[in-house]
Amino acid sequence: MVFGVRDAVAGPCEISCTMSLTAIVLAAGLGKRMQSELPKVLHPAAGRPLMLYPLRAAIEAGATAIVCVVSAEVRDRAIGLCRTAMPAADVDVRVQELPQGTGDAVKVGLDGVESERVLILCGDTPLLRADDLRTLIRQLDAAPGTELALMSARVEEPSGYGRVLRDANGRVTEVREHRDLRSDAERAVQEVNAGVYVANTAALRSALERVKADNAAGEFYLTDVVALAAAGGGALAVLGHADNLLGVNDRAQLADAERLLFQRIVRRHQVAGVTVRGDAHIDDSVEIGADARIEAGVQLRGRCRIGAGTVIDAGSVITDSEIGERATVKPYSVISESRVAAGAQIGPFAHVRPGSEIDEDAHIGNFVETKKTRVRKGAKANHLAYLGDGDIGEGANVGAGTIFCNYDGFRKHKTVIGPGAFIGSDSQLVAPVQIGQNAYVATGTTVTRDVPDDALAIGRTAQENKAGYAPRLKARLAAQAKKQ
């Protein structure tokens, strides 16, 4: 089969409902302009590697299988990424051994395609919309005899983009890369190629066999198949959103793309009933319940789940954590890889480090740090404490300045505080140690042995008051200061 010929002619609905679709995602570019050891398509944008965005758009648009074409350096990481992020998707990873252009990359991808139609996307386009892809597919279906449709966009400054050229009747004749443009008239064309195509698979295979590397770059251009399609049965160019053009080639473009992604993500949550204020940054992988409130300066990173009615106040940073319903995270708190249950209160200026579990209605107050510690229901540590490798029982109270001395220089040890226990301010609990139920640790005590249930632990040096001594001490200190 060549462009312009079908085995059978069918109406739009019949084609849409019966023809299978595979997406080829081109992700083999070296990305040298990123100035990074990390391959470009693996750089994160709003919490996901770049290449996952076009994969997801393709699946949402109806692709039943994905073929990723990558460089050898990316292969193993791409396989692992797809298995982790998209375990239910049919994703095949193929290697383009030599960078010989987009046409060659598509040929590599076609070796893994069995469907009747193929969708071609670029792996560095995180802003690609599934709605635009669906429109492109429908337009091809609605034009019997046409074997290829490409997405275009109109831009005021087209420099650097391949131009979509049309004849006097408005029919697409070809796509010509910027460096190969032949006249000022061609350079003035504002309709540019977005690098997204859908085509009949057999026709595309045939056309790629005829593509030659006779261009300024000495590469096999995928865009050359557009002229072949136009000369055969015709090619369509369907206008899409200009954001689809925004590929990522350097850190500046990555920042531009991420800014737009954050705007979309915030809008999505706002429409779903979440209040988001100011310049909050919410990663694409974050889930937020209705009636939650996210204040200015908040960053929600990675796989976070925020419960309904929860407040995340200004400047807080939460990473890979679950925050339950109606919890409150007060300003400038940091929570990482931890769980905060319903009704709990965190902060302000608290640091909940990995492995922490803060149960229902527990309080972690200002300048309190936890690490790998469970704070059970209703327990409180409201001020200036370090709670590492601990288990704090229900209703217990930990006073200001308390430290869990959990590390002996070689190993970490656990501190267990029983339900209802009271730990006085400025206490040091030298692990491993257990404080019994309803026990009381007096202020300023260093605890080195277990404290039984209902017991009082006190370990202070005896205080001595010397009557009238303060004036003499001050005089001596003043005299010493004059001599210096």
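See the structure above.
Quick caveat: nothing in here was measured; it's all calculated off a predicted structure.

Colleague: Honestly, the overall build of the chain in this entry has me stumped. Any pointers?
Modeller: A tally of helices and strands in the chain yields 10 helices and 39 strands. Relative to its length of 484 residues, the chain is extended, with a C-alpha radius of gyration of 32 Å against a globular reference of 23 Å. When its C-alpha atoms are laid out on the principal axes, the chain stretches across 105 × 60 × 40 Å. Counted over contacts in the chain with a minimum sequence separation of 6, partners at least 24 positions apart contribute 44%. For the chain, the computed accessible surface area is about 23000 Å², with 49% contributed by carbon and sulfur atoms.

Colleague: What is the right way to look at the packing of aromatic side chains in this model?
Modeller: What describes a pair of aromatic rings is the distance from one ring centre to the other and the angle between the planes of the rings. What the rule picks out here adds up to 3 aromatic pairs. An angle of 20 degrees between the planes, with centres 5.6 Å apart, marks the rings of Tyr332 and Phe349 as stacked. You can see Tyr332 sitting in the loop between strand E21 (328-329) and strand E22 (334-336) and its partner Phe349 sitting in the loop between strand E24 (345-346) and strand E25 (351-352), a full 17 residues away along the chain. Grouping aromatic residues by their ring pairs yields a cluster made of Tyr332, Phe349 and Phe367. The ring of Tyr407 carries Lys412 above its face, with NZ or CZ at 5.5 Å from the centroid. It is Lys466 that lies over the ring of Tyr469; its NZ or CZ is 5.5 Å from the centre.

Colleague: What's the story with helix H9 (residues 251-271) in this structure? I'm lost.
Modeller: The α-helix winds at 3.6 residues per turn, so residues separated by three or four positions along the chain end up facing the same way. The end-to-end C-alpha distance of H9, which contains 21 residues, comes to 30 Å, matching closely the 30 Å that a straight helix rising 1.5 Å per residue would cover. What H9 keeps buried is the set Leu254, Ala257, Leu260, Leu261, Phe262, Ile265, Val266 and His269. Against strand E2 (44-45), helix H2 (52-60), strand E12 (275-276), strand E13 (281-282) and strand E14 (287-288) lie the buried residues of H9. At the N-terminal end of H9, a side-chain oxygen is found 3.1 Å from the backbone nitrogen of Ala252, two or three residues along, and the residue is Asp250. Following H9 by one or two positions, Gly273 adopts a phi angle in the positive range, close to 100 degrees.

Colleague: Could you clarify how one ought to interpret the packing of H2 against helix H5 (residues 130-141) in this entry?
Modeller: If you want to describe how two helices pack, look at the angle between their axes and the distance between the axes. One way to put it is that H2 packs onto H5 with a least axis distance of 8 Å and a crossing angle of 50 degrees. Here H2 lies oblique to H5, going by the angle between them. Of the two possible hands of crossing, H2 and H5 adopt the one that is right-handed. Of the residues in H5, those in contact with Ala57, Ala58 and Glu60 of H2 are Ala130, Leu133 and Arg134. Its residues assigned to classes, the contact of H2 with H5 shows 4 nonpolar, no polar and 2 charged.

Colleague: Is there a simple way to think about the pairing of strand E4 (residues 65-70) in this case?
Modeller: Counting buried residues along E4, 6 of its 6 residues qualify, which places the element largely inside the surrounding structure. Of the two faces of E4, the one lined by Ala65, Val67 and Val69 and the one lined by Ile66, Cys68 and Val70 are each fully buried. Here E4 runs beside strand E5 (residues 91-95); their pairing, made up of 5 bridges, is parallel. Within E5, the residue paired with Ile66 across the bridge is Val91.

Colleague: For this particular structure, what's the right way to read the packing of helix H4 (residues 102-110) against helix H7 (residues 201-208)?
Modeller: Taken N-terminus to C-terminus, the directions of H4 and H7 make an angle of 135 degrees; their axes are 11 Å apart at the nearest point. For the element pair H4 / H7, the angle class is oblique. Crossing geometry of H4 relative to H7 is assigned as left-handed. Listed contacts from H7 to Gly103, Val106, Lys107 and Leu110 of H4 are Thr201, Leu204, Arg205 and Leu208. For the contact of H4 with H7, the residue count by class is 4 nonpolar, 2 polar and 2 charged.

Colleague: Sorry if this is basic, but what is going on with the side chain of Thr22 here?
Modeller: Along the polypeptide, Thr22 turns up in strand E1 (residues 21-27). Looking at Thr22, its side chain comes within polar contact range of the side chain of Ser115, at 2.8 Å. With near-sequence residues (within four places) excluded, Thr22 lies in contact with Ala65, Ile66, Val67, Val113, Ser115, Arg117, Val118 and Leu119.

Colleague: Please explain the pattern of salt bridges as it appears in this structure.
Modeller: Proximity of charged atoms lets side chains of opposite charge pair with each other. Applying the stated criterion across every chain, the model contains 26 salt bridges. One salt bridge connects Arg56 with Asp284, and the closest N-O pair in it is separated by 2.5 Å. Note that Arg56 is positioned in helix H2 and Asp284 in the loop between E13 and E14, a separation of 228 residues in sequence. What makes Asp284 buried here is its relative accessible area of 6%. Between Lys371 and Asp389 there is a salt bridge, with its nearest N and O atoms 2.5 Å apart. With Lys371 in strand E27 (residues 363-371) and Asp389 in the loop between strand E29 (380-388) and strand E30 (390-392), this pair connects stretches of sequence that are 18 residues apart. Side by side, Lys371 and Asp389 carry an identical accessibility label, which is buried. Through salt bridges that share partners, Arg48, Arg56, Arg268 and Asp284 make up one connected network.

What counts as what
Residues numbered from 1 in each chain as written. Predicted model: local features only at pLDDT ≥ 70, side-chain atom pairs only at ≥ 80, totals over all residues. Heavy atoms only, no water. Helix = DSSP H or I, 4+ residues; strand = E, 2+ residues; numbered from the N terminus. Rg over C-alpha atoms; globule rule 2.2 N^0.38 Å. Contact = heavy atoms within 4.5 Å. Areas by Shrake-Rupley, 256 points an atom, 1.4 Å probe, with all protein chains shown as cover. Phe/Tyr/Trp six-rings, centres within 6.5 Å; stacked < 30°, edge-to-face > 60°. Lys NZ or Arg CZ within 6 Å of the ring centre and 35° of its normal. Expected span 1.5 Å × (residues − 1). Buried < 20%, exposed > 50% of the residue type's maximum accessible area, 1.4 Å probe, protein only. Polar contact = N/O pair within 3.5 Å; in protein donor to acceptor, adjacent residues only side chain to side chain. Axes fitted to C-alpha atoms, helices over the stretch in contact; angles between N-to-C directions. Parallel < 35°, antiparallel > 145°, perpendicular 65-115°, else oblique. Left-handed = near helix turned anticlockwise from the far one by under 90°. Nonpolar A, V, L, I, M, F, W, Y, C, P; charged D, E, K, R; others polar. Pairing = 2+ DSSP bridges. Salt bridge = Lys/Arg side-chain N within 4 Å of Asp/Glu carboxyl O.

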